[in-house]
Amino acid sequence: MSSSLPKSSISAEWLGRPAPVVAPDLVGCTLVRQFADGSQYRGLIVETEAYAPDDPACHAYRRRTARNEVMFGPPGSCYVYLIYGMYHCINVVTDADTVPSAVLIRALDLDRVPLWIDEKQRQKPRRIAAGPGKLCRALHIDRTLNGIHLTGGHPLWLEPRSPHWVEQFAQGHHQLVQTTRIGLTQGVEIPWRWYLADCPAVSKKG
DNA sequence: CTCACGATTGGA
DNA sequence: CCAATCGTGAGC
């Protein structure tokens, strides 16, 4: 008889590498959201983007400010910001403490449809978390979660690739594509976006 | 202190 | 193509 141990979170040490190194490794990992009633929603990370120091597209490129403060913190911290006055974006802080860098989670493949998702969006369940703004809306992620650690002990955390996923990946069932980042005006040519080819939950192709 | 704009999205 | 919607931060 086997008892199930609690699944381990991704460690701060693993995340303490440069963002462009962590970003592709985070694809295939899982973001877990837990609510006060104990319910959980799990999303397979299928698309990421890296932002690093000396990167003109990075929010911390110019200087340390109230908004980007968390990016200067320890790896594993959660950086959430508001974009266009109506959407939130979630980042995983990476690299050594004081080195401002992070990985933007751009799309998730959810294990189930959240209760509050409207009928319109239910018609395309794989698209519910296809995009950085959409996934935060789907999992009720906002700035109240800014600064928490994603390494365990909070209502939002990261879990490593499952042995099954790793095996499938090794057998070539998943193709990880590297391209340029989306929606930027600076650093447009830097190829720091990664996504799973042929995954319906990826925000955009190309 | 002001004000143009953004790591987006959905609809015209 | 364009509007929604507001916190941020660069510049005066």
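Residues numbered from 1 in each chain as written. Chains lettered and ligands numbered in written order. Predicted model: local features only at pLDDT ≥ 70, side-chain atom pairs only at ≥ 80, totals over all residues. Heavy atoms only, no water.

The name given to chain A in an unreviewed UniProt entry is Putative 3-methyladenine DNA glycosylase, with Leptolyngbya iicbica LK as the source organism. Among the UniProt annotations of chain A, the heading Sequence similarities (unreviewed entry) holds the following wording: "Belongs to the DNA glycosylase MPG family." (UniProt positions renumbered as here; feature names shortened; annotations may be inferred.)

Chemist: Can you help me understand the pairing of strand 5 (residues 102–110) in this one?
Modeler: Within a regular beta strand, the side chains point alternately toward one face of the sheet and then the other, so they alternate between its two faces. In terms of burial, strand 5 is a largely internal element, nine of the nine residues being buried. Across eight bridges, strand 2 (residues 40–51) lies against strand 5 in antiparallel orientation. If you follow T48 over to strand 5, its bridge partner there is I105. (Buried < 20%, exposed > 50% of the residue type's maximum accessible area, 1.4 Å probe, protein only. Helix = DSSP H or I, 4+ residues; strand = E, 2+ residues; numbered from the N terminus. Pairing = 2+ DSSP bridges.)

Chemist: How should I be thinking about the nonpolar core in this particular structure?
Modeler: Nonpolar side chains in soluble globular proteins tend to end up buried together. Core analysis: the largest hydrophobic core is formed by 43 residues, its most contacted members being L26, L31, I90, L108, I141, L156 and L158. Those elements giving two or more residues to this core turn out to be helix 2 (19–26), strand 2, strand 3 (78–83), strand 4 (87–93), strand 5, helix 4 (132–138), strand 6 (156–159) and strand 8 (193–196). In contact with L26, not counting residues within four places along its chain, are I10, W14, L15, I45, T48, V92, V103 and L158. Core analysis: the next-biggest nonpolar cluster, separate from the first, contains 13 residues, Y51, A60, F72 and A102 among them. (Core = buried A, V, L, I, M, F, W, Y, C linked by side-chain atoms within 4.5 Å. Contact = heavy atoms within 4.5 Å.)

Chemist: Explanation requested: the packing of aromatic side chains in the structure shown.
Modeler: Describing an aromatic ring pair means giving the distance of the ring centres and the angle of the ring planes. Per the counting criterion, the structure on display carries five aromatic pairs. For the ring pair W165 and F169, a centre distance of 5.0 Å and an interplane angle of 20 degrees mean the geometry is stacked. In this pair, W165 and F169 both sit in helix 5 (residues 163–170), four residues apart, roughly one turn of the helix. The exposure class of W165 is buried, given its relative accessible area of 7%. Every member of this aromatic cluster is reached through a ring pair, and the members are F35, Y41 and W116. Above the ring of W14, the side-chain terminus of R17 is found at 4.7 Å from the ring centroid. Here the basic side chain of R112 rests over the ring of Y41, its NZ or CZ set 4.0 Å away from the ring centre. (Phe/Tyr/Trp six-rings, centres within 6.5 Å; stacked < 30°, edge-to-face > 60°. Lys NZ or Arg CZ within 6 Å of the ring centre and 35° of its normal.)

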